[in-house]
Amino acid sequence: MTRHVVATAGHVDHGKSTLIRALTGIETDRWAEERRRGLTIDLGFAWTALPSGRHVAFIDVPGHERFVANMLAGLGGATSVLFVVAADEGWSAQSDDHRDALRALGVERGVIAVTRCDRAPEEVEATSARARAELADTGLAEAPVVAVSGVNGAGLESLRAALDDMLATEPEPDPAARVRFWVDRSFTITGAGTVVTGTLLAGSIARGDELHLATADGLRSVTVRSIESEGARLEQIGPVVRTGLNLRGISAEEAHRGDLLLTPGAWNLTDTVDVRKVAGAAENVPEQVLGHVGSASIPLHARQFDADHLRLRLPRALPLVRGDRLVLRDPGRQGILAGVQVLDADPPELTRRGDASRRSVALAAATLSGTVHDEVARRGAVSLAHLRRLGLVDGAEEVPAGVRTVGEWWVQESTFAGWAREALAAVRADHERNPLSHGISRGSLVDRIGLPSPDLLSAVAREAGLDQDAGRVRLPGRPDDLGPAEPGIATLEVRLSSDPFDAPLADDLIELGLGVSDLAAAERAGRVLRLGEVVLLPSAPAQAMRELAALEQPFTTSQARQTLNTSRRVAIPLLEHLDRRGWTRRLDAGHREVVR
């Protein structure tokens, strides 16, 4: 079953709600105050089937100037519009506001209904012509015009046919897309709990799904307990559909209009976006403005780069992506300042003198169809997951030329080459400062060359021709190069080869010219074994085991010292080393045994 969502638009008291009631049989004014005053205040909802079998849900928006925010919340959840102008009153003040809203939001499809044609049939032609002229620079420039009466039913069948034809041209939404569901109502039903309503424009939701609710206080995990649409309980819904979702995990008081249900982990939440003006006459946008996106109405801080480009800072992070539309309004007036479109939902910080000017130039050259290569080039490196969250990559995207993949990272070739040069220079400098150094720790090198993730370091080190070992990165072919320490280590090796447990004293090491760093380098090279202050050959433990295994078991520390022909200074740390390796087992304070 094909479903669509259409919002109404038009001046207050031009018959929007009456027309929807005539089309659907449903009263959209839900509040007693609305019915008492005959004035739509908040959003109303109704639905019907068109002659083709298409199901269409209507969002009936208020027309009064005091409820512009509610009107924009309704238009933000629709894919098409039914623009209403009364024949007996003609184009009016709020007709301008609603037209400006449609232009700002980039609504591209609609039908124009000239209502109350029974009251002023002689004005239908003039009103139709005026409406066409006023909407000429919007997506409704070629929209059909239908004269209709919600009272006597005149023209209703023609209107249904026009809606059918218009909706037939709508692009097919993607039921497999990630969910971004703007909440426009939240309330409690006794025995059921929290219910939120909105329009599912893409993706699918099933009963039992775990989603994230993005609120002003952050993300909340919620579960979909049940789904209702057009009065029916459903197991699953796909786009485009008006729906109510019964949620577990949050109270109705904690969910509000402007919150969003999201596929977990699929969206980048941002509080800063760079945008381009695409509608509106305001050349200068004030620093403090009201912004409307989806069903949300939020205060924004605007920084203007030039006549066409701005940076907007949001008071809360929202899942905005390139191409999203926002409507800007002056807090001091009801009219619309401008419509803007997001060019970059992950813009760079402006920290240096001249950054704003350079950013202005970059935004002027940017396009909404910019390639993934452009995005990777600007960032230098970006994870594939982040590109997907930004909506820049969908599915198995082909890696563009000039971009290298490193695990889940996409890296500009020139950036990767630069990292390799910097890594080689940093390791060389470390070697020049300390020829016995075993290299730079991985963490330190990541920081020095500014890698966005440690996961990139191994590939960068290989590109630079560097060796990696035990968490360090070093020049190739250096593990056995002891430089000036080589003569002293060689002498020590000869001494310990003839008497393996005659460990040199501190004065002996000084006489050999061996300091702590020299011994550490020798140990890394596998030339010596250090047990605290005791220095032996790496073969010493195995030699000790052959001697100890010949003793009657268990043996004492004194017996071990005597059979190894050494001192307690050497015997104690050596025996403790054998214990740690599991070759010997300590039984009590004075006895050990060889583990067979």
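Within the protein chain one finds 18 helices and 32 strands. A globule of 596 residues ought to have a C-alpha radius of gyration of about 25 Å, yet the protein chain, at 37 Å, is considerably larger. If you line up the protein chain on its principal axes, its C-alpha atoms span 120 × 55 × 40 Å. The burial tally for the protein chain puts 50% of its 596 residues in the buried class. Across the protein chain, every contact between residues at least 6 apart in sequence was considered, and the portion connecting residues at least 24 apart equals 66%. Of the roughly 26500 Å² of accessible surface on the protein chain, 48% is carried by carbon and sulfur atoms. In the protein chain, 69 positive and 82 negative side-chain charges are present, and the distance between their average locations comes to 3 Å.

Taking strand neighbours across the sheet as the criterion, the three strands line up as β30-β32-β31 in an open arrangement whose pairing is antiparallel. The strands lining the two open edges of the sheet, one partner per strand, are β30 (555-556) and β31 (584-586). Both β31 and strand β32 (residues 591-594) contribute to a ladder of three bridges, which runs antiparallel. When the sheet's bridge partners are listed, R586 is paired in β32 with R592.

Direction vectors running N to C along helix α17 (residues 557-564) and helix α18 (residues 568-580) enclose 110°, while the axes themselves pass 10 Å from each other. Between α17 and α18, the angle falls in the class roughly perpendicular. Crossing of α17 against α18: the hand is right-handed. Between α17 and α18, the contacting residues are T557, A560, R561 and L564 on the first element and R568, A571, I572, L574 and L575 on the second. Broken down by class, the residue content of the contact of α17 with α18 amounts to six nonpolar, one polar and two charged.

Read around the closed barrel, six strands run β16-β19-β18-β17-β20-β21, paired in antiparallel fashion. For this sheet, the mean inter-axis angle between neighbouring strands, taken without regard to orientation, is 45°. Of the strand pairs in this sheet, strand β16 (residues 270-279) and strand β19 (residues 309-318) are connected by six bridges, and their pairing is antiparallel. Residue pairing in the sheet places V273 in a bridge with L312 of β19.

In this section: the confidence of the model for the protein chain. The share of residues in the protein chain with pLDDT of 70 or more is 94%, and the mean pLDDT across the chain is 88. Here helix α2 (residues 32-37) stands out as the element of the protein chain with the lowest mean pLDDT, 49, in contrast to strand β15 (residues 260-262), whose mean of 97 is the highest.

So, on to the pairing of strand β21 (residues 336-344). Most of β21 sits inside the fold, with nine of its nine residues counted as buried. Note that β16 and β21 share five bridges and pair antiparallel. Directly across from K277, in β21, lies its bridge partner V340. Sheet analysis places strand β20 (residues 325-329) next to β21, joined by five bridges and oriented antiparallel. If you follow L328 over to β21, its bridge partner there is A338.

So, about the environment of D164. You can see D164 is positioned in helix α6 (residues 156-167). Between the C-alpha atom of D164 and that of S52, which follows or precedes it by 112 residues, the distance is 6.8 Å. Among the polar contacts made by the side chain of D164, one reaches the side chain of S52 at a distance of 2.5 Å.

For the rest of this paragraph, the subject is helix α1 (residues 16-24). Every α-helix winds through 3.6 residues per turn, so residues three or four apart in the chain are directed the same way. Along α1, the residues that are buried comprise K16, S17, L19, I20, L23 and T24. Taken around the axis of α1, the buried residues stretch over an arc of 160°, which confines them to a single face. Among the structural elements, β1 (3-9), β2 (44-49), β3 (55-60), β4 (80-86), β5 (110-115) and α6 are those in contact with the buried residues of α1. Just downstream of α1 lies G25, where phi reads positive at about 80°.

To continue, consider the pattern of salt bridges. All chains considered together, the criterion is met by 42 salt bridges. R119 is the salt-bridge partner of D88, the closest N and O atoms lying 3.5 Å from each other. With D88 in the loop between β4 and α4 (93-105) and R119 in the loop between β5 and α5 (124-134), this pair connects stretches of sequence that are 31 residues apart. Looking at D88, the relative accessible area reads 31%, which means it is partly exposed. In this structure R119 comes out as exposed when scored by relative accessible area, which is 57%. The partner of E254 in a salt bridge is R220, and the shortest N-O contact between them spans 3.0 Å. With E254 in the loop between β14 (241-248) and β15 and R220 in strand β11 (residues 218-229), this pair connects stretches of sequence that are 34 residues apart. Under the relative-accessibility criterion, E254 is labelled partly exposed at 35%. Judged by relative accessible area, R220 falls into the partly exposed class, the value being 29%. Beyond isolated ion pairs, a larger network of salt bridges with shared partners links D274, R311, R322, D344, D346, R359, E375, R378 and R379.

The next thing to look at is the packing of helix α10 (residues 413-433) against helix α11 (residues 442-449). Two numbers describe how α10 lies on α11: the axes approach to 10 Å, and their chain directions differ by 125°. One finds that α10 runs oblique with respect to α11. In the packing of α10 onto α11, the handedness of the crossing is right-handed. Residues W419, E422, A423, A426, V427 and R433 of α10 pack against L445, R448 and I449 of α11. Class assignment for the residues of the contact of α10 with α11 results in six nonpolar, no polar and three charged.

Definitions and limits used
Residues numbered from 1 in each chain as written. Predicted model: local features only at pLDDT ≥ 70, side-chain atom pairs only at ≥ 80, totals over all residues. Heavy atoms only, no water. Helix = DSSP H or I, 4+ residues; strand = E, 2+ residues; numbered from the N terminus. Rg over C-alpha atoms; globule rule 2.2 N^0.38 Å. Buried < 20%, exposed > 50% of the residue type's maximum accessible area, 1.4 Å probe, protein only. Contact = heavy atoms within 4.5 Å. Areas by Shrake-Rupley, 256 points an atom, 1.4 Å probe, with all protein chains shown as cover. Lys, Arg positive; Asp, Glu negative; His and termini not counted. Charge placed at Lys NZ, Arg CZ, Asp CG, Glu CD. Pairing = 2+ DSSP bridges. Axes fitted to C-alpha atoms, helices over the stretch in contact; angles between N-to-C directions. Parallel < 35°, antiparallel > 145°, perpendicular 65-115°, else oblique. Left-handed = near helix turned anticlockwise from the far one by under 90°. Nonpolar A, V, L, I, M, F, W, Y, C, P; charged D, E, K, R; others polar. pLDDT = per-residue confidence, 0-100. Polar contact = N/O pair within 3.5 Å; in protein donor to acceptor, adjacent residues only side chain to side chain. Arc of directions from axis to C-beta. Salt bridge = Lys/Arg side-chain N within 4 Å of Asp/Glu carboxyl O.

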